[in-house]
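Structure at a glance
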Amino acid sequence: MFAKAFRVKSNTAIKGSDRRKLRADVTAAFPALGTDQVSELVPGKEEFNTVKLYAHRGDAVTVYVSGGNPILFELEKNLYPTVYTLWSYPDLLPTFTTWPLVLEKLVGGADLMLPGLVVPPAGLPQVQRGDLCAIALVGNRAPVAIGVAAMSTAEMLTSGLKGRGFSVLHTYQDHLWRSGDKSSPPSIAPLALDPLDLSEEKGSVQADPALQGDMRRLTLEGEEEESGEVQQMYGEKSLSEASEDPSPGGLNPDPTDSRTLQEQMDALLQRCFLQALKCRVKKAELPLLTSTFLGSHMFSCCPEGRQLDIKKSSYRKLSKFLQQMQQEHIIQVKELSKGVESIVAVDWKHPRKGSILEGAEVRAIIISYAKKNDLVDADNKNLVKLDPILCDCILEKDEQHTVMKLPWDSLLTRCLEKLQPAYQVTFPGQEPIVKKGKICPIDITLAQRASNKKVTVVRNLEAYGLDPCLVAAILQQRCQASTTVTPAPGAKDSLQVQIQGNQVHHLSWLLLEEYQLPRKYVQGLEKAPRPGKKK
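Residues numbered from 1 in each chain as written. Predicted model: local features only at pLDDT ≥ 70, side-chain atom pairs only at ≥ 80, totals over all residues. Heavy atoms only, no water.

Further remarks concern the overall build of the protein. The helix and strand tally for the protein stands at 15 helices and 27 strands. Counting over 535 residues, the protein shows a buried share of 44%. Taking the contacts inside the protein whose residues are at least 6 apart along the sequence as the reference set, 60% of them involve residues at least 24 apart. (Helix = DSSP H or I, 4+ residues; strand = E, 2+ residues; numbered from the N terminus. Buried < 20%, exposed > 50% of the residue type's maximum accessible area, 1.4 Å probe, protein only. Contact = heavy atoms within 4.5 Å.)

With that out of the way, let us pick up the confidence of the model for the protein. Confidence in the prediction for the protein averages 80 pLDDT; 85% of positions are at 70 or higher. Counted against residues more than four places away or in other chains, residues 192-252, with its pLDDT under 50, gives 156 contacts. (pLDDT = per-residue confidence, 0-100.)

So, about helix 8 (residues 261-279). Under the 1.5 Å per step criterion, the end-to-end length of helix 8 is 26 Å for 19 residues, consistent within 8% with the ideal 27 Å. Buried within helix 8 we find Q264, M265, D266, L268, L269, R271, C272, F273, L274, Q275, A276 and L277. On its buried side, helix 8 packs onto helix 9 (290-298), strand 16 (307-308), helix 10 (318-327), strand 17 (331-337), strand 18 (340-346) and helix 11 (359-372). (Expected span 1.5 Å × (residues − 1).)

With that settled, consider a nonpolar patch on the surface. A grouping of L357, L416 and L419 is seen on the molecular surface, where their side chains present a nonpolar patch of about 220 Å² in accessible area. On the secondary structure map, L416 appears in helix 13 (residues 408-418). (Patch = residues over 30% accessible without salt bridge, like charges linked within 9 Å, V, L, I, M, F, W, Y side chains within 5 Å. Areas by Shrake-Rupley, 256 points an atom, 1.4 Å probe, with all protein chains shown as cover. Salt bridge = Lys/Arg side-chain N within 4 Å of Asp/Glu carboxyl O.)

To continue, consider the sheet that holds strand 8 (residues 117-118). Sheet architecture is open: six strands sit in the order 7-11-10-9-6-8, paired in mixed fashion. Both edges of this open sheet fall to strand 7 (112-113) and strand 8, since each of them pairs with a single strand only. Alignment of strand 10 (residues 140-149) against strand 11 (residues 164-171), held across five bridges, turns out to be antiparallel. Each residue of the ladder has a partner; that of A149, found in strand 11, is F166. (Pairing = 2+ DSSP bridges.)

Bringing the pattern of salt bridges into the picture now. All told, the structure shown has twelve salt bridges when counted by the stated rule. A salt bridge links E399 to R414; the shortest N-O distance between them is 3.0 Å. Note that E399 is positioned in the loop between helix 12 (388-394) and strand 20 (405-407) and R414 in helix 13, a separation of 15 residues in sequence.

Let us look at helix 10. Looking at helix 10, one finds that the buried residues are L318, S319, F321, L322 and M325. Buried residues along helix 10 cover an arc of 160° about the axis, so they all sit on one side. Residues of helix 10 that are buried sit in contact with helix 8, helix 9, strand 17 and strand 18. Once helix 10 finishes, H329 follows within two positions and takes phi at roughly 65°, a positive value. (Arc of directions from axis to C-beta.)

This brings us to the pairing of strand 26 (residues 495-500). Here strand 24 (residues 454-459) runs beside strand 26; their pairing, made up of four bridges, is antiparallel. Of the residues in strand 26, the one forming a bridge with T456 is I499. Examined bridge by bridge, strand 25 (residues 483-487) and strand 26 share five bridges and lie antiparallel to one another. When the bridges of strand 26 are listed, V485 appears paired with V497.

This part covers the packing of aromatic side chains. By the definition in use, this model includes twelve aromatic pairs. Ring centres of F273 and F293 lie 5.8 Å apart, and the angle between their planes is 85°; on these two criteria the pair is classed as edge-to-face. Here F293 lies in helix 9 and F273 lies in helix 8, a separation of 20 residues in the sequence. Of the two residues, F273 and F293, neither departs from the other in class, the shared state being buried. (Phe/Tyr/Trp six-rings, centres within 6.5 Å; stacked < 30°, edge-to-face > 60°.)

Here the focus is the side chain of E361. One can find E361 in helix 11. With relative accessibility at 14%, the residue E361 sits in the buried group. A distance of 3.3 Å separates a polar atom in the side chain of E361 from a polar atom in the side chain of R271. When sequence neighbours within four positions are dropped, the list of residues in contact with E361 reads R259, R271, R306 and I356. (Polar contact = N/O pair within 3.5 Å; in protein donor to acceptor, adjacent residues only side chain to side chain.)

This next bit is on the nonpolar core. Counting residues in hydrophobic clusters, the biggest one holds 31 residues, and the most contacted among them are L22, V26, F30, L72 and F73. Of all the secondary-structure elements, those providing two or more residues to this core are helix 1 (16-29), helix 2 (35-41), strand 2 (48-54), strand 3 (60-66), strand 4 (69-75), strand 5 (78-81) and strand 9 (132-137). The contacts of L22, once residues within four sequence positions are left out, are I14, V42, F48, Y64, L72 and L79. (Core = buried A, V, L, I, M, F, W, Y, C linked by side-chain atoms within 4.5 Å.)

With that settled, the discussion passes to unusual backbone geometry. Here the amide bond leading from L286 into P287 is cis, since omega sits at -5°, within 30 degrees of zero. Secondary-structure assignment places P287 in the loop between helix 8 and strand 15 (288-289). For K77, which is not glycine, the phi dihedral falls at a positive 65°. On the secondary structure map, K77 appears in the loop between strand 4 and strand 5.

Let's shift gears to the packing of helix 9 against helix 10. Interhelical geometry of helix 9 versus helix 10 gives an angle of 90° and a closest axis separation of 11 Å. The angle between helix 9 and helix 10 falls in the class roughly perpendicular. Of helix 10, the residues touching helix 9 (which contributes T290, L294 and M298) are L318, F321 and L322. When its residues are assigned to classes, the contact of helix 9 with helix 10 shows five nonpolar, one polar and no charged. (Axes fitted to C-alpha atoms, helices over the stretch in contact; angles between N-to-C directions. Parallel < 35°, antiparallel > 145°, perpendicular 65-115°, else oblique. Nonpolar A, V, L, I, M, F, W, Y, C, P; charged D, E, K, R; others polar.)

Right under this line is the structure:
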């Protein structure tokens, strides 16, 4: 209500009769306050003003100001306390707790959605629909907002904590708060041990290791800022596990992955984007707010043990990433209302190919998908039930109505077989090179020439970053034999090295020991001459 500047109509000192009437109204509206507390809130002689104003949406509001701070406001004959009052009387209203990340959105005019609530060990406060409630942040009982419950506590729990929870009326840092002394919330210890002790440092989230629950996805509506600012959403990973993750921001990068953290986040961002479009978004939902797409669809597609953080990607903001996806003709984004973007169209037939996935990543995605969708057979944990998406992905047409379950190993093997093979080669000091297809091993063969002399032939050196001419020069010196470099038959832009005699032993030492190539990528080493046998 006070997210934007309001217009003051009048500001007058309160009359004695109006002061007494206000005390009676406060006593009726807030029976938890004793007589002395009411007298403190509405003093008898101190300066006390009545301010009539119009909120930016045109609502007529009466604000009561004591000592320069707004303490109460009246809207449609209902009295509401301000955060200044609640800091003095933190138990005045039933209080619900949310995450510190949410406050910025509430200040911007968003209502509080139920997925943003933190459920304490004692459970949620008992309220009815329409009850006035306070909203505090984890770790501090001082309220930072007040709102009206959109449903009862029982209805909240029945809904699975989904949907709109509270219509927010006033917050710390809004324009009503700014009309006072602009003091910060006091530090008020929670009544009982909070389930989390959060501290934010460079975008990271630390949690009490005792907590075993998952951080609920935050879904906010009504914000006017870019939706890419909503951060720190986890997949199925619990916060206790995240706090033990030694990697920056909980990204948990693969130690064998030579990509930078930013490149890994870019890949994760695109994967969650495509999976959300493929598996979660329906045509009937369009147009879809980009903020809703991020919070309700993309974050839920994040694989187990990974954290999607747009600010750690090269895009930095969701809007820039979606612009790139629009340039690739996957989606169409429009600003249907001022400052609020929506996805209005999706090219459902877009091939969406080209992303590189390692085998371990594919397995993690499949396992996470099966667990999230309750596809693991309850009677036999080694079997996975096939839903329509898995059926379309891995089954042949004649299996569609006969195969209902598959063992884990068969499921993973089939998924990997459906993907086009690719490989990545990394050379010291260079960017990794990714190519489609299977990498061919270095091939060593022996050939007989017309003069009945043997020659050793080596092919496919270029695939491993080796210069055939340089290899030929090294072998010529070590073997004291003539070498030649010629085009490889049947291979485009590829050279082969020929060395006089059986030089497999020298090649083996050069490739395996000096160049440190894995043995599985070199074939023909068994052709080395046996000890005592003439080359």
